[in-house]
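Chain residues, written in single-letter form:
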Amino acid sequence: ARVRHYRWKVKWEYKSPDCYKKLIITVNGRTPGPTIVAEEGDTILVELEDNLLTENLAIHWHGIRQIGTPWFDGAEGVTQCPILPGETFKYRFVVDRAGTYVYHAHYGMQRVAGLYGLIRVSPRHPEPFSYDHDRSIILNDWYHKSTSEQAIGLSSIPFVWVGEPQSLLIQGKGMFDCSKVTELGVCNTSNPECSPHVQTVVPGQTYRLRIASLTSLSALSFQIEGHDMTVVEADGNYVEPFVVQNLFIYSGETYSVLVKADQDPSRNYWISTNVVTRNRTTPTGLAIFNYYPNHPRRSPPTSPPPAPAWDDVESRLKQSFAIKAHQGHIIKPPPTSDRVIVFLNTQNTINGYRLWSVNNVSFNLPLTPYLIALKKNITDAFDQSPPPDGYDFLNYDIYSVANNSNAKSSNGIYSLQFNTTVDIILQNANTMNKNNSETHPWHLHGHNFWVLGYGKGKFDMYNDPRKYNLVNPIMKNTVAMHPYGWTALRFRADNPGAWAFHCHIEYHFYMGMGVVFEEGIERVGNLPSSIMGCGQTNTFHRH
Ligand code: C2O
Ligand code: CU
């Protein structure tokens, strides 16, 4: 195993990812940032310099479990104090499993500003599929409003929603219609920074395409005009292969698909992405699937494939059900669990602020990160009363606008008994708008979980667990909860540390849609002093 050493400088810069010029956060001058390329078992060392001048920073290594290094998970407020402007912070961790992962800012809403990238870990053993080339694409949605304007709007009375994104980016590139912009010099469609991404392929060859979504809000569909895609990997886990024309992908998810360049080689094809689950106003995101030796900039002669209907929940559910563990790579879940926690997801108003809640508790971060508070026994750092394991199951009507009378804000967390098996039932409900329920991709830090099932309506404690897939469930780190539906997960609380579990929609987590789990703190090793420096941790920093 090797050590892979990266030196990154993070700063604000004017860039035009979709031809519209605005301030964005770059890593070494780029967005998406550099790809981390490693082999299973390698150690990654990232020396991260915060050059944002006036802003803190933290980076999360999404999908990496941080076994033995929970303090380098990068979740500001959970596992570390923020990195201060001018400071250099060293993240050091092992990538113990092959697969496709991502990294992104985990401080405030900085991810929205463009700080994200890919982590590609190659295996030391043969994989259950083969291909000629390994390529990757990160999908994102893109806003023209500044990140702070968005954040302040969300935390204002009256509430100012961010709205739908202006563009969809494929590998950091999109194309905004500059005729809608009147200011001079702000939008320029001939700027090379927004020339469409090109994926060149050699006719007859098979490509492994790693696709990751780091959208702020949107769920996406992804298509390659005229080409089938065989899904083979999800969040670093091998999938029993199945074919799609259209891949649905939620924020925080990664997939590998195999694509064969087996179409008419005399032309190029569209790669396209569209918003689903929300009534879209954002134009299709486009890139070029370039058959060598056609000119890479030559536009395909056809129009992009039609987008799936935004409100077609059935097709998305169908894909969710289709994702099973590869038959040669099944890790069986424990047959039973030690604890079942039901998370009712609702939208609320608390003291006039629009927030999201889980079991009527809207989450907020304490000043002293949990991991440090727990390890150092600082008992007044956060609310010591844990949030509830469920809600008023019998009486709650998930189809009506929430009755928010008892919602509250808290930074209390869930303590899990070390080495136990925990079931999580994510229960969706109506938002504060009539006849509306959204899709939420939930992401768990520090673990993979088994996806035991999905269902429509209210979870039935008695009958639904009998339908769980205990035979070949996929393991993931991010999973969708569909509108008015539930999703059931199981995981082993076997990774000492404090771990965030939250909706990966940046705005929703910011508005309180998350929880924190804690397990096996007594087994956590000595905390590095580099994670200290905020809240009540100052005293430790100086020693
Ligand atoms: Cu990719 Cu806590 O998130
Ligand atoms: Cu959400």
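Only a predicted model underlies this, so the values are computations on that prediction, with no experimental measurement involved.

Calculation criteria
Residues numbered from 1 in each chain as written. Chains lettered and ligands numbered in written order. Predicted model: local features only at pLDDT ≥ 70, side-chain atom pairs only at ≥ 80, totals over all residues. Helix = DSSP H or I, 4+ residues; strand = E, 2+ residues; numbered from the N terminus. Rg over C-alpha atoms; globule rule 2.2 N^0.38 Å. Buried ≥ 20, exposed ≤ 12 C-beta atoms within 10 Å, placed from the backbone. Contact = placed C-beta atoms within 7 Å. Domains from an automatic or database assignment. Nonpolar A, V, L, I, M, F, W, Y, C, P; charged D, E, K, R; others polar. Pairing = 2+ DSSP bridges. Axes fitted to C-alpha atoms, helices over the stretch in contact; angles between N-to-C directions. Core = buried A, V, L, I, M, F, W, Y, C linked by C-beta atoms within 7 Å. pLDDT = per-residue confidence, 0-100.

A look at the overall build of the protein chain
If you tally the helices and strands in the protein chain, you get five helices and 32 strands. Its C-alpha atoms give the protein chain a radius of gyration of 22 Å, near enough to 24 Å, the size a compact globule of 543 residues would have. Over its C-alpha atoms, taken along the principal directions, the protein chain stretches across nearly 65 × 55 × 55 Å. Taken over 543 residues, the protein chain has a buried fraction of 52%. Considering only residue pairs separated by 6 or more positions, the protein chain has 79% of its internal contacts joining residues 24 or more positions apart.

Thoughts on the domain arrangement of the protein chain
By domain assignment, the protein chain separates into domain 1 (3-322) and domain 2 (331-541). Summarising the inter-unit geometry, the C-alpha centres of domain 1 and domain 2 are found 25 Å apart. Counting residues at the interface gives 44 residues for domain 1 and 48 residues for domain 2. Those elements that provide at least two residues to the side of domain 1 that touches domain 2 are β6 (88-94), α1 (147-154), β15 (237-244) and α2 (313-322). The element that contributes the greatest number of residues to the side of domain 1 that touches domain 2 is α2, accounting for five residues. For the side of domain 1 that touches domain 2, a count of residues per class yields 23 nonpolar, 13 polar and eight charged.

Brief notes about the environment of Pro 85
Secondary-structure assignment places Pro 85 in the loop between β5 (59-62) and β6. In sequence terms Pro 85 and Asn 51 are 34 residues apart; their C-alpha atoms lie 5.9 Å from each other. Apart from the residues lying within four places of it in its own chain, the contact partners of Pro 85 are Asp 50, Leu 52, Leu 53, Thr 54 and Glu 55.

Topic: the sheet that holds strand β24 (residues 414-416)
Read across the sheet, five strands follow the order β24-β32-β31-β26-β29 without closing on themselves; strand pairing throughout is mixed. The sheet terminates laterally at β24 and β29 (478-481), the two strands that pair on one side only. Adjacent strand axes in the sheet meet at a mean angle of 25 degrees, parallel and antiparallel pairs treated alike. With six bridges connecting them, strand β31 (residues 497-503) and strand β32 (residues 514-519) associate as antiparallel partners. Across the sheet, the residue bridging to Trp 499 is Phe 517, located in β32.

Things to note about the sheet that holds strand β13 (residues 219-224)
The five strands lie next to each other as β11-β19-β18-β13-β16, forming an open sheet whose pairing is mixed. At either end of the open sheet lies a strand with only one pairing partner, and these are β11 (198-201) and β16 (246-249). Averaged over neighbouring strand pairs, the angle between their axes works out to 20 degrees when direction is ignored. Here strand β18 (residues 269-276) runs beside strand β19 (residues 285-291); their pairing, made up of five bridges, is antiparallel. Each residue of the ladder has a partner; that of Tyr 269, found in β19, is Phe 289.

Describing the environment of Cys 187
Following the sequence through the fold, Cys 187 ends up in the loop between β10 (167-170) and β11. The sequence separation of Cys 187 and Lys 11 amounts to 176 residues, and the corresponding C-alpha distance is 22 Å. If sequence neighbours within four positions are ignored, Cys 187 has contacts with Cys 19, Tyr 20, Lys 21, Phe 176, Cys 178 and Val 181.

Looking at the nonpolar core
By size, the foremost hydrophobic cluster in this structure holds 150 residues, and its most contacted members are Leu 139, Ile 211 and Val 257. Summarising the domain contributions, this core has at least three residues from each of domain 1 (3-322) and domain 2 (331-541). With near-sequence residues (within four places) excluded, Ile 211 lies in contact with Ile 137, Leu 139, Phe 222, Leu 247, Ile 249, Thr 254, Tyr 255 and Val 257.

Some details on the confidence of the model for the protein chain
Put simply, the protein chain has an average pLDDT of 96, and 99% of its residues get 70 or more. As a predicted assembly, this complex carries a pTM of 0.97 together with an ipTM value of 0.98.

Let's talk about unusual backbone geometry
Following Ile 157, the chain continues to Pro 158 via a peptide bond in cis, the omega torsion being -5 degrees. With respect to the helices, strands and loops of the structure, Pro 158 is situated in the loop between α1 and β10. Here the bond from Tyr 292 into Pro 293 is cis, since omega is 5 degrees, no more than 30 degrees from zero. Positive phi is not limited to glycine here, since Cys 19 has a value of about 85 degrees. Along the chain, Cys 19 turns up in the loop between β1 (3-15) and β2 (22-27).

Considerations on the pairing of β1
Of the strand pairs in this sheet, β1 and strand β4 (residues 43-50) are connected by eight bridges, and their pairing is parallel. Bridge assignment links Arg 7 to a residue of β4, and that residue is Glu 47. In this structure, β1 lies alongside β2, joined through six bridges in antiparallel fashion. Bridge pairing in β2 places Tyr 14 opposite Leu 23. Following β1, the chain reverses through six residues before pairing antiparallel with β2; Cys 19 in that reversal takes a positive phi of roughly 85 degrees.

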